[in-house]
Amino acid sequence: MGIPVFILAGLLVHCVFLVSIFDIYFSSPLVHGMTPQQTPLPPPAKRLVLFVADGLRADSLYELNSNGTPRAPYLRSILENNGSWGISHTRVPTESRPGHVALIAGFYEDVSAVAKGWKENPVEFDSVFNESKYTWGWGSPDILPMFAKGATGDHVYTFCYTAESEDFGAQDAAELDMWVFDHVKSFFNSSRSNQTLFSALHEDRVVLFLHLLGIDTNGHAHRPNSREYKENIKKVDEGIKEIASMIENFYGNDGKTAFILTSDHGMTDWGSHGAGHPSETLTPLIVWGAGVNYPQKVTSQFFEDNFLKEWKLEDLKRMDVNQADIAPLMASLIGVPFPLNSVGTLPLEYLNNSAHFKAESMFTNAVQILEQFKVKMSQKKETTLSFLFTPFKPLSDSEQINFLKKTRLYIQQEKYDEAVSLCKTLINLALEGLSYYHTYDRLFLGLSIAMGFVGWTTYVILVIIKTHTNLTKTVQTNNQESTVLFYSFAFVGIIIAFFLLIQTCPWTYYVYCLLPVPVWYAVVREIPVIQDLATNLLSLRIGQSIGFLLVCTLGIEILVFSFFYRSALTIGLLVFAGWPVITQLWVQAKTTALIWTLLCVLLAIFPLMPVVGREPNISLVIAAGLLTLLISCFSLASLCKSENKYGNNEDLKIHFYQVLSIALSTYVVSSTHDSLKNKQGLPLLNQIASWMTLVSSSVLPLLSPTFLFRRLFSILLSLMSVYLLLSTGYEALFPLVLSGLMFVWINMEQEALQHYGLSLKQKLAVFNFAYATDISQFRQLHLDDVRRSFFFVFFIVTAFFGTGNIASVNSFDPASVYCFLTVFSPFMMGGLLVLKVVIPFVLVSCAFEAIQVTTQLSSKSGRKDAVTSVLDIAQLCRMKLPFLRAMPSAFLFVFILPVPCLLSPCTMTPGTKGRPRELQASHLCAQQDHGADPPGNYTKAHGK
């Protein structure tokens, strides 16, 4: 298999692995075809007003000010005198769209919706709005349209401000909420002169939805502990008071209006959300009006947190719910059918109604969830062979009938408490059953993917061993055996395809299940290689092999743990700092070794720092810019004075432009920060300069001189100018330290080559990679190349996780992109944040390519290593998933073992006509065991 075909096959296999994540873990839980379920008794309310204060934390609303006064006086008086309260527990991802879907539709949306920016409907779903007679909504264009689009009929009306209004740099984001309140007032005033609208508003089952985005916007821009965030809460409190009073007056105080205030998600102290921190998952819930219980006095109540004492609410009963429970609560209050896909449990404690009504409502809730279970079971039964189908035994057909009959009998006998208890049991079982059938194929698909993954890993190892070592001998291919083997695997593939066909499985199942067949066919074809490898490994000295294996295991485990604990990178970098001492390299290059050690220690500090964005410090960004400017000026001066001056003035101009770009970026960061701090928005000139810097950064390095360090330094300056614009704190210093270490690494590798006697030390200062390299100078591989490849992978991981955990959604701070845009745009902001993550990766990759060239390895091999390293980073990322996370450490070791092997340079020496090159380490071991001397220029290394 040629290199291009091999790389394409690797990309295809890894794409299948990555796509399989969504089918296995993040497929939509929704089913269709259920019958709507509605409580048969008349509801307590004719209309419902839903206030959703986007981004409002529970503690931010309930806690008192420093002087003891409530932060939201009106809402505080409601929960103390008129309604019920508690905490709504949200789920990850704590984003606006999933939160609103849980609130209004009653189910937790799958993560695949992020592919559409949480805006469009990836799947059709039912909601309280859809079941209502009429719904009017006011608020953000990111939220309201998705419920109007998913509704059947023409009865959901939305009124939105423009997307440009969602500006993090605006004067006062609370104006977004004022816009909503003003338009609601105007709407009711206009209805008095519009008989059609007036009549519609007086219908039963009416919902009024007010989406209040100002708090979230101020939280992102100024942090939740800021004055702006707290003042926005006060303005929302005042606005809710006015709206509630106006609505009550509009309907003549008929006592038929229910009110609910809650939030879609909270927010961290550093102004982000998306993950599962308590500040993100704990949101307020206050319910009052028709059909709602009054405050219940208690003498004591226990919760794991200590919020009650902090909030001075110990004597008022706190009733916590899951976020999806609010949808059935709204449906019960106004008497609409429960949303078809709702998985929420009706919180009866909030209802002020008869025991009969509560029992009937609970029974409706149970039947509605049971309907989903039955449809899910039916779907799975139809796509599974009868003798392979394993039903959910706790809720068999007979058990379902028994539950329903018994509950109905209890209600008829007026044993309402027993009926409610039985309904709760049925709901819990139905939810367990839903989860059981939703994950029914997870083990099957997981094993298929694991087989393909292990097969591909094995095949890659065998290809490297066969092509680039002398561990195996040439084996004559038996055509007859190959034909039999081919048809055997083809037969297995046909059986698998037929098995999937008769079960009417999705087409993706064919890909996941058939992928291992050709992969393992390729592995089995290399049985002679496996046999020769086993023979050679058994001939090695056990102590040396075990020691090497332990070192590899330790290094790989540090990589694995770094995905969960960033501090593991610090341990690895400190070990790297001692590398020159361990290998005696410091003897021949004391200065270089000392600088290497110091930079490793400096870089080791970054993983111990807080995640980026939690403690913004623009002064550090400016300091990083000035430091870069100083270094670049010294570099420019030294280059001008050196013997190897620029060939022409154009090279000098390019360097000058890059220095100017650094200065401009530093100024833009400082100017933009001051402008946003003064609430003057993002200056247009700053925005233009930022985008121009971004565009030029990808062009200028290509025009720079092709001398090694000049080109690398040009790349650093271009990327650094962009990175400064995307920085908010200490991370601006990270690329500088990382690049410094990369430059020293290039020199250290030259010392290592000389140390092992593999080649003479190159003059890197005058090394020009634009000239054709003498292919006869390409050296053979050495065991040290495995160490070099491991260094590369470790530095790649450090580049990704050195300043934050990119796998955590709340690590992304929108403030990082404020030099480019402040108006909310998820894809544009996400793209810029990804660019910020990728920049350190590019710096490491460029340094590794330089090492490939300067250590006399084929650049084609270097490019192949870069591609395969990216693929293996993808393999490492899969361990963030529950399926792989649950595997023992030893099994993870098997998965990651190929990383150093894949990164080892492995090209064919030109002119050998396909003859495999010798892997130096393996060759030495083999010669040593047989008492022979190693060849030619390896005598010195062997002697050492």
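What counts, and at which threshold
- Residues numbered from 1 in each chain as written.
- Predicted model: local features only at pLDDT ≥ 70, side-chain atom pairs only at ≥ 80, totals over all residues.
- Heavy atoms only, no water.
- Buried < 20%, exposed > 50% of the residue type's maximum accessible area, 1.4 Å probe, protein only.
- Helix = DSSP H or I, 4+ residues; strand = E, 2+ residues; numbered from the N terminus.
- Arc of directions from axis to C-beta.
- Phe/Tyr/Trp six-rings, centres within 6.5 Å; stacked < 30°, edge-to-face > 60°.
- Expected span 1.5 Å × (residues − 1).
- Pairing = 2+ DSSP bridges.
- Contact = heavy atoms within 4.5 Å.
- Axes fitted to C-alpha atoms, helices over the stretch in contact; angles between N-to-C directions.
- Core = buried A, V, L, I, M, F, W, Y, C linked by side-chain atoms within 4.5 Å.
- Parallel < 35°, antiparallel > 145°, perpendicular 65-115°, else oblique.
- Left-handed = near helix turned anticlockwise from the far one by under 90°.
- Salt bridge = Lys/Arg side-chain N within 4 Å of Asp/Glu carboxyl O.

Asker: Give a detailed account of helix α19 (residues 507-514), specifying residues and quantitative values.
Answerer: Of all the positions in α19, only Thr 508, Tyr 509, Tyr 512 and Cys 513 are classed as buried. Projection of α19 onto a plane perpendicular to its axis shows the buried side chains occupying an angular sector of 125°, all on one side.

Asker: Please give an account of the packing of aromatic side chains that cites residues and values.
Answerer: Tallied over the full model, the rule gives 58 aromatic pairs. Here Phe 107 and Phe 125 contribute two aromatic rings whose centre-to-centre distance is 5.5 Å and whose plane-to-plane angle is 70°, an arrangement assigned as edge-to-face. Of the two residues, Phe 107 sits in the loop between α4 (96-105) and α5 (128-131) while Phe 125 sits in the loop between α4 and α5, which places them 18 residues apart along the sequence. By relative accessible area, which is 8% here, Phe 125 ends up buried.

Asker: With reference to specific residues and values, describe helix α21 (residues 527-539).
Answerer: Here α21 spans 19 Å end to end across 13 residues, near enough to the 18 Å set by a 1.5 Å rise per residue. Within the span of α21, buried status applies to Val 529, Asp 532 and Leu 533. For α21, the angular spread of the buried residues around the axis is 105°, confining them to a single face. Turned more than 90 degrees from where α21 packs its buried face, Thr 535 and Leu 538 sit exposed.

Asker: Quick rundown of the sheet that holds strand β6 (residues 257-262)? Include the residues and the values.
Answerer: Spatially, eight strands are ordered β4-β3-β5-β1-β6-β7-β2-β8 in an open sheet, and the strand pairing comes out mixed. The sheet is open, and its two edges are formed by β4 (156-160) and β8 (321-322), each paired on a single side. As paired strands, strand β3 (residues 134-139) and β4 are joined by five bridges and run parallel to one another. Looking at β4, one finds that Gly 139 is bridged to Cys 160. Strand contacts of helix α3 (residues 73-81): β2 (83-89), β6 and β7 (282-289), with the helix running at about 65° to β7, the strand carrying the most contacts.

Asker: Report on the pairing of β6, specifying residues and quantitative values.
Answerer: Buried residues dominate β6, accounting for six of its six residues. Neither face of β6 is exposed, since Thr 257, Phe 259 and Leu 261 on one face and Ala 258, Ile 260 and Thr 262 on the opposite face are all buried. By the bridge criterion, five bridges tie β6 to β7 in an arrangement that is antiparallel. The partner of Phe 259 across the bridge, within β7, is Trp 288.

Asker: If you had to explain the nonpolar core to someone new, which residues and values would you point to?
Answerer: Counting residues in each nonpolar core, the largest one holds 69 residues, and the members touching the most others are Leu 50, Phe 129, Ile 260, Leu 329, Leu 333, Phe 373 and Leu 395. For this core, the element with the most residues is helix α16 (residues 416-438), which contributes 11 residues. The contact partners of Phe 373, leaving out residues within four places of it in the chain, are Phe 392, Leu 395, Gln 400, Ala 430, Gly 433, Leu 434 and Tyr 437. Membership of the second largest hydrophobic core comes to 51 residues, among which are Leu 61, Tyr 74, Leu 79 and Ile 286.

Asker: Lay out the packing of helix α15 (residues 397-412) against α16 in plain terms, naming residues and giving numbers.
Answerer: With their axes 8 Å apart at the nearest point, α15 and α16 run at an angle of 160° to one another. Regarding the angle of α15 to α16, the classification is roughly antiparallel. For the pair α15 and α16, the crossing hand works out as left-handed. Contacts between α15 and α16 involve Phe 403, Leu 404, Lys 406, Thr 407, Tyr 410 and Ile 411 from the former and Tyr 416, Glu 418, Ala 419, Leu 422, Cys 423, Thr 425, Leu 426 and Leu 429 from the latter.

Asker: How would you explain the pairing of β3 if you had to name every residue and give the values?
Answerer: Most of β3 is tucked away, with five of its six residues classed as buried. As paired strands, β3 and strand β5 (residues 206-212) are joined by five bridges and run parallel to one another. Looking at the pairing, Thr 135 lines up with Val 207 of β5.

Asker: So what's going on with the pattern of salt bridges? Residues and values would help.
Answerer: Using the criterion set out here, one finds 21 salt bridges in the structure. Note that Lys 679 and Glu 228 form a salt bridge whose closest N and O atoms lie 3.4 Å from each other. Here Lys 679, found in the loop between α27 (649-677) and α28 (684-697), pairs with Glu 228, found in helix α10 (residues 227-250); they are 451 residues apart in sequence, far enough to count as distant. Among the residues examined, Glu 228 registers a relative accessible area of 14% and is labelled buried. In this structure, a network of salt bridges that share partners links the residues Arg 227, Glu 228, Glu 231 and Lys 679.

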